[in-house]
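Commentary on secondary and tertiary structure
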Amino acid sequence: MIRTVESAPHVSAPVLAAYSYCEAVTGQQARNFAYGIRLLPTPKRRAMSALYAFSRRVDDIGDGALADDVKAARLEDTRGLLARVREGAVAEDDTDPVAVALAHAAGAFPIPLGGLDELIDGVLMDVRGETYETWDDLKVYCRCVAGAIGRLSLGVFGTEPGARGAERAPEYADTLGLALQLTNILRDIREDAEGGRTYLPSDDLAKFGCSAGFSGPTPPEGSDFTGLVHFEVRRARALFAEGYRLLPMLDRRSGACVAAMAGIYRRLLDRIERDPEAVLRGRVSLPGREKAYVAVRGLSGLDTRHVTRRTVRRRA
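Here the residue index of a chain counts from 1 through its sequence in written order. At least 70 in pLDDT is required for a residue's local features to be given in this predicted model, at least 80 for side-chain atom pairs to be given and counted, and no such filter applies to totals for whole chains, interfaces and linings, which use all residues. Think of the side-chain values as coming from all heavy atoms in the structure, minus any hydrogens and water.

1. Points about the pattern of salt bridges
Where we set the bar: Between Lys or Arg on one side and Asp or Glu on the other, a salt bridge is scored when a side-chain nitrogen of the former is within 4 Å of a carboxyl oxygen of the latter. Burial classes follow relative accessibility: with a 1.4 Å probe on protein chains only, a residue under 20% of its type's maximum area counts as buried, one over 50% as exposed, and anything between as partly exposed.
As enumerated under the stated definition, the model contains 27 salt bridges in all. Between Glu242 and Arg245 there is a salt bridge, and its shortest N-O distance comes to 3.7 Å. Accessibility expressed as a relative area gives 24% for Arg245, which makes it partly exposed. Look at the salt bridges and you will find they share partners, linking Glu76, Arg79, Arg86, Asp117 and Asp121 into a network.

Below is the structure:
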């Protein structure tokens, strides 16, 4: 069982200011993520915002316009900062608010900070321009940039005392991260192609005649782009189904947070499945009212109850 350690009632002014900074970054940069963490109690919400702000910094280095060697150096500097956090060497009055907030969160919750090292490793794969021949190859990358975030988040959420199968919670959190990342990859096919990046496995691209890439608003001539998207959607749905087994292991509000974030991405997947070529024309997104509905649904526990019933039927 993974236990959560609640933060102390008193939080100093410098730490509160650091958390406020991280929450502002989260609200501005991660609308989907922010919808989910609003459902958490304050200590967990703050900790999740610190994790996001650090992760955002890593991602921004990888996505920026700097030369690759400079990016690699900056990422290693960030790894050094993470080492300071891990060693307890970040003071409350440190000038880096993300480091202050992350250090406090790591003291309040059993967060496996090695997951942030994995994230840095994944972004370095982007900097090196790595491509992926098979799904097994792509999974390595997805586990670094998304599965690790799932496991880090579980350190904040914890599992309910006596939850059946809780020893597998990190595995399910990791799998849910893979589902979200594959959805991201499908949504961002055109944007990534314009940036010179291809994430979908080359084996899959060849199978559906899409090896020429996605340089415009229409699929490569003679390709089965719809078939490719539907193939990847089925893969993502299977990952979601497996990852959702985490929900009954969480307390109500943590489960609601996970269900809301995952639910938004599942609905994005639905939209992509209905109109695959939409991802070549622009960014597929959900309106705010639909995200709010997903959050309410998560708070109601509908998804958790559905997973629980399905698990019980499977055991019967």
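Resuming the write-up.
2. Here's the deal with the environment of Gly195
Note the following rule: We count a stretch as a helix when DSSP gives it H or I for four or more residues in a row; a strand needs E for two or more, and each element gets its number in order from the N terminus.
Note that Gly195 resides in the loop between helix H9 (189–194) and helix H10 (202–207). Remark: the alpha-carbon pair of Gly195 and Asp63, spanning 132 residues in sequence, is separated by 9.2 Å.

3. Quick look at the nonpolar core
Which entries qualify depends on this criterion: Take the buried residues of types Ala, Val, Leu, Ile, Met, Phe, Trp, Tyr and Cys, join any two whose side-chain atoms come within 4.5 Å, and each joined set is a nonpolar core. The contact rule is simple, with two residues in contact once any of their heavy atoms fall within 4.5 Å.
In terms of nonpolar packing, the biggest core is built from 99 residues, with Leu116 and Phe225 touching the most fellow members. Per-element tally for this core: the top contributor is helix H7 (residues 135–157), with 11 residues. If we skip the residues at most four places from it in the chain, Phe225 touches Ile189, Cys210, Phe214, Pro219, Pro276, Glu277, Val279 and Leu280.

4. Considerations on the packing of aromatic side chains
Basically, it comes down to this: Aromatic rings from Phe, Tyr and Trp, taking only the six-membered ring of Trp, are treated as a pair when their centres fall within 6.5 Å; an angle between ring planes under 30 degrees marks them as stacked, one over 60 as edge-to-face, and anything in between as tilted. Lysine NZ or arginine CZ positioned within 6 Å of the ring centre and within 35 degrees of the ring normal marks a charge as sitting over the ring.
Across all of its chains, the model carries five aromatic pairs by this definition. Ring geometry for Tyr132 versus Tyr141: centroids 5.6 Å apart, planes at 35°, classification tilted. Seen in terms of ring centroids, Phe240 and Tyr244 are 6.4 Å apart; in terms of plane orientation they differ by 80°. Their pairing is edge-to-face. Cluster of aromatic residues (ring-pair linked, three or more members): Tyr132, Tyr141 and Tyr199. The cationic tip of Arg266 hangs over the ring face of Tyr244; the distance from NZ or CZ to the ring centre is 4.7 Å.

5. A few points about the side chain of Thr183
Where we set the bar: Definition of a polar contact: a pair of N or O atoms within 3.5 Å, with one able to donate and the other able to accept a hydrogen when the atoms are protein atoms, and with sequence-neighbouring residues admitted only if both atoms are side-chain atoms.
Mapping Thr183 onto the fold places it in helix H8 (residues 169–187). A distance of 2.9 Å separates a polar side-chain atom of Thr183 from the backbone oxygen of Ala179. Aside from chain neighbours lying at most four places away, what touches Thr183 is Ala236, Phe240, Tyr265, Leu268, Leu269 and Ile272.

6. Things to note about the packing of helix H1 (residues 13–29) against helix H3 (residues 42–63)
We apply this condition: Only the contacting stretch of a helix is used when fitting its axis, a line to C-alpha atoms as for every element, and angles between N-to-C directions run 0 to 180 degrees. Here roughly perpendicular refers to angles of 65 to 115 degrees, roughly parallel to angles under 35, roughly antiparallel to angles over 145, and oblique to all remaining angles. Handedness of each helix crossing follows the sense of rotation of the near helix against the far helix: counterclockwise by less than a right angle gives left-handed, clockwise gives right-handed. When residues are grouped by polarity, Ala, Val, Leu, Ile, Met, Phe, Trp, Tyr, Cys and Pro land in nonpolar, Asp, Glu, Lys and Arg in charged, and all others, Gly among them, in polar.
Contact geometry for H1 and H3: axes closest at 8 Å, N-to-C directions at 65°. One finds that H1 runs roughly perpendicular with respect to H3. Crossing of H1 against H3: the hand is left-handed. Across the interface between the two elements, Leu16, Tyr19, Cys22, Glu23, Val25, Thr26 and Gln29 from H1 touch Arg45, Arg46, Ala47, Ser49, Ala50, Tyr52, Ala53 and Arg56 from H3. Looking at the contact of H1 with H3, its residues break down into eight nonpolar, three polar and four charged.

7. A word on the side chain of Asp204
In this structure, Asp204 sits in helix H10. Look past the residues within four positions of Asp204 in its chain and what remains in contact with it is Leu228, Phe231, Glu232 and Arg235.

8. Considerations on H7
Each turn of an α-helix holds 3.6 residues, which means side chains three or four residues apart point in the same direction. Inclusion rule: One axis is fitted to the seven residues ending at the residue and one to the seven starting there. The bend at that residue is the angle between these axes.
The largest bend in H7 amounts to roughly 50° and is located at Arg143. At the exit of H7 stands Gly158, carrying a positive phi of roughly 70°.

9. Here we look at the environment of Ser55
On the secondary structure map, Ser55 appears in helix H3. Given the relative accessible area of 10%, Ser55 is considered buried. Between the C-alpha atoms of Ser55 and Ile149, which are 94 residues apart in sequence, the distance is 8.6 Å. Look past the residues within four positions of Ser55 in its chain and what remains in contact with it is Leu116, Leu119 and Ile149.

10. Notes on the packing of H1 against helix H5 (residues 97–108)
With their axes 8 Å apart at the nearest point, H1 and H5 run at an angle of 110° to one another. Judged by the angle between their axes, H1 and H5 are roughly perpendicular. Between H1, through Pro14, Val15, Ala18, Tyr19, Tyr21 and Cys22, and H5, the contact on the second element is made entirely by Pro97, Val98, Val100, Ala101, His104 and Ala105.

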